[in-house]
Structure formats: structure tokens, C-alpha cells
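The lines below spell out each chain.
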Amino acid sequence: PVLDWKVRDRVLANGRITLRQRAEILDLVGDAKRITAVRVRDMDTGAQETLEADLVIDASGRGSRLRHWLSALEVPPLEEDIVDAGIAYATRVYQAPPGAAAGFPAVNVAADHRLREPGRFGVVYPQEDGTWMVTLSCTRGAGLTAHDDDFLPYARTLRHPLVADLIDLAKPLTSVAVSRVGANRRLYPERLDIWPEGLLVLGDALAAFN
Ligand SMILES: Cc1cc2nc3c(=O)[nH]c(=O)nc-3n(C[C@H](O)[C@H](O)[C@H](O)COP(=O)(O)OP(=O)(O)OC[C@H]3O[C@@H](n4cnc5c(N)ncnc54)[C@H](O)[C@@H]3O)c2cc1C
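Every value quoted in this text rests on a predicted model; they were computed, and no experiment measured them.

1. Quick look at the nonpolar core
Among the nonpolar cores identified, the biggest contains 24 residues, and W132, V134, L136, F151 and V163 are the most heavily contacted of them. Residue assignment for this core shows that the elements contributing at least two residues are β6 (88-95), β7 (107-109), β9 (131-138), α3 (148-155) and α4 (162-169). Counting 17 residues, the second-largest nonpolar core is a separate cluster that includes L28, I35, L66 and V75.

2. A short note on unusual backbone geometry
Look at R22: it is not a glycine, yet its phi comes out positive at around 45 degrees. Of note in the backbone geometry, E74 takes a positive phi value of approximately 65 degrees without being a glycine. By secondary structure assignment, the location of E74 is in the loop between α2 (66-72) and β5 (80-83). On the basis of relative accessibility, which here comes to 70%, the residue E74 falls in the exposed class.

3. What about the domain arrangement of the chain?
According to the domain assignment, the chain contains domain 1 (2-80 + 186-208) and domain 2 (88-179). Distance from the C-alpha centre of domain 1 to the C-alpha centre of domain 2: 35 Å.

4. Some points on the site of the ligand
Around the ligand, the structure places A23, E24, I25, A59, S60, G61, R65, Y89, V181, G203 and D204. Here I25 contributes a backbone N or O atom positioned 2.9 Å from a nitrogen atom of the ligand. R65 is positioned with one of its side-chain polar atoms (N or O) 3.4 Å from a nitrogen atom of the ligand. Relative to its free-state accessible area of 1000 Å², the ligand is covered by the protein chains to the extent of 41%. In terms of residue count, strand β1 (residues 23-30) provides more of the shell around the ligand than any other element does, three residues in total. Residues of the shell around the ligand, tallied by class, amount to five nonpolar, three polar and three charged.

Rules of the game
Residues numbered from 1 in each chain as written. Predicted model: local features only at pLDDT ≥ 70, side-chain atom pairs only at ≥ 80, totals over all residues. Heavy atoms only, no water. Core = buried A, V, L, I, M, F, W, Y, C linked by side-chain atoms within 4.5 Å. Buried < 20%, exposed > 50% of the residue type's maximum accessible area, 1.4 Å probe, protein only. Helix = DSSP H or I, 4+ residues; strand = E, 2+ residues; numbered from the N terminus. Domains from an automatic or database assignment. Near = heavy atom within 4 Å. Polar contact = N/O pair within 3.5 Å; in protein donor to acceptor, adjacent residues only side chain to side chain. Areas by Shrake-Rupley, 256 points an atom, 1.4 Å probe, with all protein chains shown as cover. Nonpolar A, V, L, I, M, F, W, Y, C, P; charged D, E, K, R; others polar.

See below:
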């Protein structure tokens with residue numbers, strides 16, 4: 001988040017850039033040959049408007065609705081590859097114990113790829129405010145916990161006790177938050193014979209790897 005804020009501050013220091021916050025892109029306006037605008041909804045008031053544009057860039061991440069938007073403009077279906085190992089993440093923030101709040105290294109316990117069973121892995125990432133972000137993860141079938149009481153016992157099932165030993169010493173500041181959006185996904189715009197002028201797609205909206 002710190003890096004994101006720094007980049008954001010530098011971008012917004014450029015007076016030519018205006019940021020519209022809490023604005024949702026509803027769809028693209030144009031046709032299969034050219035995108036000319038986007039339809040935007042103000043998430044607070046619900047008001048909708050059309051913003052004309054010479055160039056529209058879809059950077060809306062792995063949940064991008066680009067395929068849907070393009071099919072509404074009668075662009076042929078975008079080919080898509082999905083490789084999904086069923087990776088899930090459970091994350092909890094801790095207060096680092098006294099003496100470990102600054103200069104503590106990141107800790108990563110990886111899965112053992114030689115075992116023919118679902119992988120389990122865990123990390124402790126020290127953050128700048130004396131907290132640790134602790135994430136436990138697994139591939140499909142390893143029964144990741146979503147419950148606070150099961151977090152430490154699950155950490156004990158990793159192949160090395162270090163993550164569990166560390167969080168046993170630390171105070172939890174949040175409950176467990178679970179994410180299951182770990183599929184690898186790639187779109188292939190380059191395989192289409194037709195692509196609308198004035199439209200780019202980048203970042204996870206184009207290719208999200210894990
Ligand atoms: C659990 C997890 C762990 C990860 N760990 C790592 C890691 O350790 N290292 C690493 O390099 N990468 C990691 N990644 C991947 C990394 O987060 C992404 O590759 C990166 O954030 C993609 O950036 P982006 O700008 O393309 O999309 P995002 O960061 O997803 O940004 C997309 C933005 O678009 C907004 N948006 C979406 N739809 C609309 C709409 N219709 N209208 C308006 N706005 C919209 C979203 O709210 C969001 O703010 C991880 C991802 C996940 C999910």
C-alpha cells in the first residue's frame with residue numbers, strides 16, 4: 001500500500017491528470033471498429049454519464065468485464081486461457097512482538113513440491129508500522145482455514161514451524177480474511193482479426209498470473 005500511495009501522489013501531482021474516485025465503468029461506447037467513450041456511474045449518487053475519449057485503457061484488474069463489453073459491440077469472442085490450481089489465501093494482521101517491530105526480515109515457508117499432496121505455504125511480511133501481515137495459503141484440497149481460532153493450528157501444519165512460532169508470539173489485530181481469486185488467466189486480443197481502435201488493455205485485465 002505504501003508504494004501504491006507514493007505512485008498515486010506522484011501521478012496526481014501532474015496537473016493534467018484528473019482522478020474520478022468511486023466511479024464505475026459500466027461499459028464501452030462505440031463499435032467493433034472504434035471505442036469513442038465509456039459509460040460511468042457515480043457510486044455515491046448512482047448518476048450515470050458518458051465520458052468521451054480518444055483512448056480508453058482497461059486496467060480494471062482480474063475482474064475485468066472486457067470480454068462482456070466487447071461482445072456487446074459484436075467483437076468476436078476473445079480467447080482465454082485459465083489455469084486454476086485452486087489457490088486460496090487466509091490473511092491476518094498482527095502486532096509484531098517487542099524487539100521485532102523494525103528491521104525484521106520477511107519469512108516465507110514454501111510448500112514441498114516433492115509431496116504428492118495439495119501444497120501449503122505461509123509468509124510473514126513485516127510492514128512499516130510495526131505490524132506483520134501473515135498469509136497462509138494452499139492449493140486446492142488443503143482445507144484452508146477461514147476462522148480465527150484455526151489460524152495458528154493451520155500454520156503448525158506447514159512443513160516448517162517458523163511461521164507458527166512467530167505468530168504464537170504476536171498479538172492478532174484483525175480477523176482472518178480469505179481470498180480465493182488465485183487462478184492464472186490470460187486473454188489473447190492479438191489472435192482477433194478485428195480490434196477496436198482507441199482501446200488498450202493492460203495489467204491483470206490482460207494477464208493475471210499467480
Ligand atoms: C492475494 C493476491 C496476492 C498477490 N501477491 C502478489 C505478489 O506477492 N507479488 C506480485 O507482484 N503480485 C501479486 N499479486 C498480483 C498483483 O496484485 C496484481 O498483478 C496487480 O495488482 C495488478 O494490477 P492492476 O493495476 O492490473 O489491477 P488491480 O490492482 O486489480 O487494479 C484494478 C483496479 O480497477 C478497479 N476496477 C475494477 N473494475 C472497475 C470498473 N468497472 N470501473 C472502475 N474501476 C474498476 C478495481 O477496483 C481496482 O482498483 C497478488 C494478487 C492477489 C489477488
